Amino acid sequence: MATTTKKAAAKPAEEGAQQASGGGRKKLLLIAVPLVALAAGWYFLLGPGAGDAGGEEAVAKKPEAGEVLSLEPITMNLADGRLLKVGLALQVVAKPSSGHGVTGAVALDEAIAFLGGRTYAELASPTARQAAKDELSKRVAERYHHDVMEVYFTEFVMQ
């Protein structure tokens, strides 16, 4: 009987050790899984490409403003037969990439093509003029290979 008692006593001790080590694994998993999830979240939210590094790249990509090239005002016909006298100024980047330089001929050509197709009613309100200026700026920038940042209206008279 003594041998049976020793075996019986040994079995609960072994089971307790197995349960303790199994319980330790469960506790380890309960702690490790959330920590790994937090670390992964931190990496994706605050890791490479986030925060200051991304902001510096965005600032570096924006070109520096250079001179403003004022053009002589021109008078053109609008689509409805009325007249528009418009003066333009071009905000040129500090270091043009195309190497061709910026002259006013291309901008004036684009202004005539774009604004000449509009009517008095389409350009009468301040909101409509701002929308036309924004679209003209976009078109002129493309024609100058983005060596022009923005177009300003220095004169805008419709009759």
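Remember, predicted model here, so these are calculated numbers, not experimental data. (Residues numbered from 1 in each chain as written. Predicted model: local features only at pLDDT ≥ 70, side-chain atom pairs only at ≥ 80, totals over all residues. Heavy atoms only, no water.)

A.B. asks: What am I meant to see in a nonpolar patch on the surface here?
C.D. replies: On the surface, a cluster of nonpolar side chains totalling about 460 Å² of accessible area is made up of L30, I31, L35 and L38. With respect to the helices, strands and loops of the structure, L30 is situated in helix 1 (residues 2-46). According to the relative accessible area criterion, L30 is exposed, its value standing at 65%. (Patch = residues over 30% accessible without salt bridge, like charges linked within 9 Å, V, L, I, M, F, W, Y side chains within 5 Å. Areas by Shrake-Rupley, 256 points an atom, 1.4 Å probe, with all protein chains shown as cover. Salt bridge = Lys/Arg side-chain N within 4 Å of Asp/Glu carboxyl O. Helix = DSSP H or I, 4+ residues; strand = E, 2+ residues; numbered from the N terminus. Buried < 20%, exposed > 50% of the residue type's maximum accessible area, 1.4 Å probe, protein only.)

A.B. asks: Can you walk me through helix 3 (residues 104-115) in this structure?
C.D. replies: For an α-helix the count is 3.6 residues per turn, leaving residues at separations of three or four pointing the same way. Over its 12 residues, helix 3 runs 16 Å from end to end, which matches the ideal 16 Å to within 8%, given 1.5 Å per residue. Here helix 3 has its buried residues at G104, A107, E110, A111, F114 and L115. Angular distribution of buried residues about the axis of helix 3 spans 130 degrees; they occupy a single face of the element. Turned more than 90 degrees away from the buried face of helix 3 sit A105 and A113, all of them exposed. Contact partners of the buried residues in helix 3: strand 1 (65-70), strand 2 (74-77), strand 3 (83-93), helix 4 (120-123), helix 5 (126-143) and strand 4 (148-158). (Expected span 1.5 Å × (residues − 1). Arc of directions from axis to C-beta. Contact = heavy atoms within 4.5 Å.)

A.B. asks: I'm lost on the packing of aromatic side chains in this one. Help?
C.D. replies: The geometry of two aromatic rings is summed up by the distance between their centres and the angle between their planes. Considering all chains together, one arrives at 1 aromatic pair under this definition. The aromatic ring of Y120 is capped on one face by R82, whose charged end is 4.1 Å from the ring centroid. (Phe/Tyr/Trp six-rings, centres within 6.5 Å; stacked < 30°, edge-to-face > 60°. Lys NZ or Arg CZ within 6 Å of the ring centre and 35° of its normal.)

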